[in-house]
Amino acid sequence: MSKVEEVVRLIKEKFKIPEERIIKEIKQKLLEFSGLISEEGAAILVARDYGIDIREIKTFTPLSELVSGMRNVNVRAKVIKVLPLKEFTKRSGEKGFLKTYIIADNSDYARLVFWDEQALEAEEMKIKEGMVLKIYNVRTKENIFGEIDILTDKNTFIEFDEKDDFLPIDELSEKFLKSKYKKLQGPLDSLGYYEVVGIISYVFGKNFFFKSCPICGNKVVNKEGTYFCDVHGEVNPKNSLYLRIEINTFDSNLRAVAFRDVAEKIVGMKSEELEKIENLKDFLTKVLVGKFIKVKGRARKNKVLNVFELIINEVENVDFKSEINELIEKVEIT
Ligand SMILES: [Zn+2]
């Protein structure tokens, strides 16, 4: 919803004035200032004439427009999945909590994440699948799968919205959760979710570990020898595996990255075992290059290299025979 639409909605609801009249007033205001203000500015002036506190004018960002690092964002979306409350123990010995919902508007979906006190409060709100929520004052962060998470804190507040103008819940789940992966045809050259089948043809880089938060798995920052997660504060980090590989799909080569347990699954070994290996680059090259692989992930733009790369979030056990036959057919056709 744009600011103009929100102003119209607020005035309409508060003063029971027909929409057309409000729009007319905004247009008049625009004329009055003869091009000196935007339509949005005109709408705000009209709202002020009605005595509406401009702080009440909240706009909602479509989920597809969220990027990492946004603050004080408002979103309006439907809950399509409620995950059970997770309990864990922090380094301090305190109990921690995590509550996650998958929400979607018609444009995209995202994880809505609550930690600790907020997680318990969210649990008490009895948010259910199918409910439409207006969620105010959240921030966004890219998670380890390259997707944008919506993070809440004590400034976040939620309203239930009676109005439901979104697709039905099963259509949203179908669109975003079930069949979101398309088989990659040709080169990886656009954003989206893909299933990729091919052979690992190269292992990039020299470093295969990064320091991560033991609670959420996100990368931590090192400030003078102390590690901080931007959600969980000071933590005792753990070493997590990080793989950058090239996959040859028979009609193109693409770059792919995998983190933590996903990377471990590709190698078939745990981080703790791999840490002990002296020349890990050689070892991984020997183990991985030539390996047949079927993965699912999300394409993102690597801004440094200016190419699309796949962030792998699922590794599948392959039915080698049928996949190979499919590939052979593909090669024969082209
Ligand atoms: Zn964390």
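Because the structure is predicted, anything quoted here is derived from the model rather than measured. (Residues numbered from 1 in each chain as written. Predicted model: local features only at pLDDT ≥ 70, side-chain atom pairs only at ≥ 80, totals over all residues.)

> Whenever I open this one, the overall build of the protein confuses me. Can you help?
When helices and strands are counted, the protein shows nine helices and 17 strands. Projected onto the principal axes, the alpha-carbon positions of the protein cover approximately 70 × 60 × 40 Å. For the protein, the residues scored as buried account for 25% of the 334 residues in total. Within the protein, counting contacts between residues at least 6 apart in sequence, those at least 24 apart form 59% of the total. (Helix = DSSP H or I, 4+ residues; strand = E, 2+ residues; numbered from the N terminus. Buried ≥ 20, exposed ≤ 12 C-beta atoms within 10 Å, placed from the backbone. Contact = placed C-beta atoms within 7 Å.)

> Whenever I open this one, the domain arrangement of the protein confuses me. Can you help?
Domain annotation for the protein reports domain 1 (3-56), domain 2 (63-176) and domain 3 (181-333). One C-alpha centre belongs to domain 1, the other to domain 2, and the line joining them spans 31 Å. (Domains from an automatic or database assignment.)

> What's the story with the packing of helix 1 (residues 3-15) against helix 2 (residues 19-32) in this structure? I'm lost.
When two helices pack together, their arrangement is given by the angle between their axes and by how far apart the axes lie. At a minimum axis separation of 10 Å, helix 1 and helix 2 run at an interaxial angle of 130°. Classed by the angle they form, the pair helix 1 and helix 2 counts as oblique. Between helix 1 and helix 2 lies a crossing whose hand is right-handed. Contact residues: helix 1 offers V4, V8, I11 and K12, while helix 2 offers E19, I22, I23 and I26. Here the residues of the contact of helix 1 with helix 2 are counted per class, giving six nonpolar, no polar and two charged. (Axes fitted to C-alpha atoms, helices over the stretch in contact; angles between N-to-C directions. Parallel < 35°, antiparallel > 145°, perpendicular 65-115°, else oblique. Left-handed = near helix turned anticlockwise from the far one by under 90°. Nonpolar A, V, L, I, M, F, W, Y, C, P; charged D, E, K, R; others polar.)

> What am I meant to see in the packing of helix 2 against helix 3 (residues 39-49) here?
Where helix 2 meets helix 3, the closest approach of the two axes is 8 Å, and the angle between their N-to-C directions is 115°. Overall, the two elements helix 2 and helix 3 adopt an arrangement that is roughly perpendicular. The chirality of how helix 2 crosses helix 3 is right-handed. Contact residues: E25, I26, K29 and L30 in helix 2; E39, A42, A43, L45 and V46 in helix 3. Of the residues that constitute the contact of helix 2 with helix 3, the class distribution is six nonpolar, no polar and three charged.

> Can you help me understand unusual backbone geometry in this one?
Most peptide bonds are trans, and most residues other than glycine sit at a negative phi. The backbone of K16 shows a phi angle near 50°, a positive value even though the residue is not glycine. Structurally, the position occupied by K16 is in the loop between helix 1 and helix 2. Taking the number of C-beta atoms within 10 Å as the measure of exposure, K16 has 7 and is therefore exposed. The phi angle at F250 is positive, at roughly 80°, despite the residue not being glycine.

> Looking at this structure, how should I read the sheet that holds strand 13 (residues 233-235)?
The strands making up a sheet associate through backbone hydrogen bonding, with each pair oriented either parallel or antiparallel. In space, the three strands of this open sheet follow the order 11-12-13, with antiparallel pairing throughout. Taken across any chain shown, the strands that pair with only one partner, and hence form the sheet edges, are strand 11 (221-223) and strand 13. Adjacent strand axes in the sheet meet at a mean angle of 45° when their direction is disregarded. Inspection of the sheet shows strand 11 paired to strand 12 (residues 226-229) by three bridges, in the antiparallel sense. Looking across to strand 12, one finds that K223 is bridged to T226. (Pairing = 2+ DSSP bridges.)

> What is the right way to read helix 2 from this model?
One full turn of an α-helix is made of 3.6 residues, so residues set three or four places apart face in the same direction. Between the first and last C-alpha of helix 2 there are 20 Å, a value that for 14 residues agrees with the 20 Å anticipated at 1.5 Å per step. Listed in full, the buried residues belonging to helix 2 are I22, E25 and I26. End-on view of helix 2: buried residues confined to an arc of 100°, all on one side of the axis. With respect to the buried face of helix 2, the exposed residues turned more than 90 degrees away are E20, K24, Q28 and L31. Packed against the buried residues of helix 2 are helix 1 and helix 3. Taken from the residues just after helix 2, S34 is the one with a positive phi, measuring 25°. (Expected span 1.5 Å × (residues − 1). Arc of directions from axis to C-beta.)

> Help me out: how do you make sense of the nonpolar core in this one?
Nonpolar side chains tend to gather and get buried jointly when the protein is soluble and globular. One finds L243, A256, A258, A263, L310 and I312 to be the most contacted residues of the largest nonpolar core, which totals 29 residues. Setting aside anything within four residues of it in sequence, one finds A258 in contact with L243, A263, I266 and I312. With 25 residues, the next largest nonpolar core counts L63, A77, V138 and L151 among its residues. (Core = buried A, V, L, I, M, F, W, Y, C linked by C-beta atoms within 7 Å.)

> Quick question: what am I supposed to make of the pairing of strand 15 (residues 253-259) here?
Regular strands place side chains that alternate from one sheet face to the opposite one. Most of strand 15 is tucked away, with five of its seven residues classed as buried. Bridge count for strand 14 (residues 238-248) against strand 15 is seven bridges, and the pairing is antiparallel. By the bridge assignment, I245 is partnered in strand 15 with A256. In sequence, strand 14 turns back onto strand 15 through a hairpin of four residues, with F250 there showing a positive phi of about 80°. Where strand 15 lies against strand 17 (residues 307-316), three bridges are found, and the strand directions are parallel. Bridge pairing links R255 to E309 in strand 17.

> For this particular structure, what's the right way to read the environment of E5?
Among the secondary structure elements, E5 is positioned in helix 1. Considered as a pair, E5 and L66 are 61 residues apart in the sequence and their alpha carbons are 20 Å apart.

> Hey, could you run me through the pairing of strand 6 (residues 148-151) in this one?
Side chains I148 and I150 of strand 6 all project onto a buried face; the interleaved residues D149 and L151 project onto the opposite face, where all are buried too. Here strand 4 (residues 109-115) pairs with strand 6 via three bridges, running parallel. By the bridge assignment for strand 6, V113 is matched with L151. As judged from the four bridges shared by strand 5 (residues 132-142) and strand 6, these two strands associate in the antiparallel manner. Residue pairing in the sheet places T140 in a bridge with I150 of strand 6.

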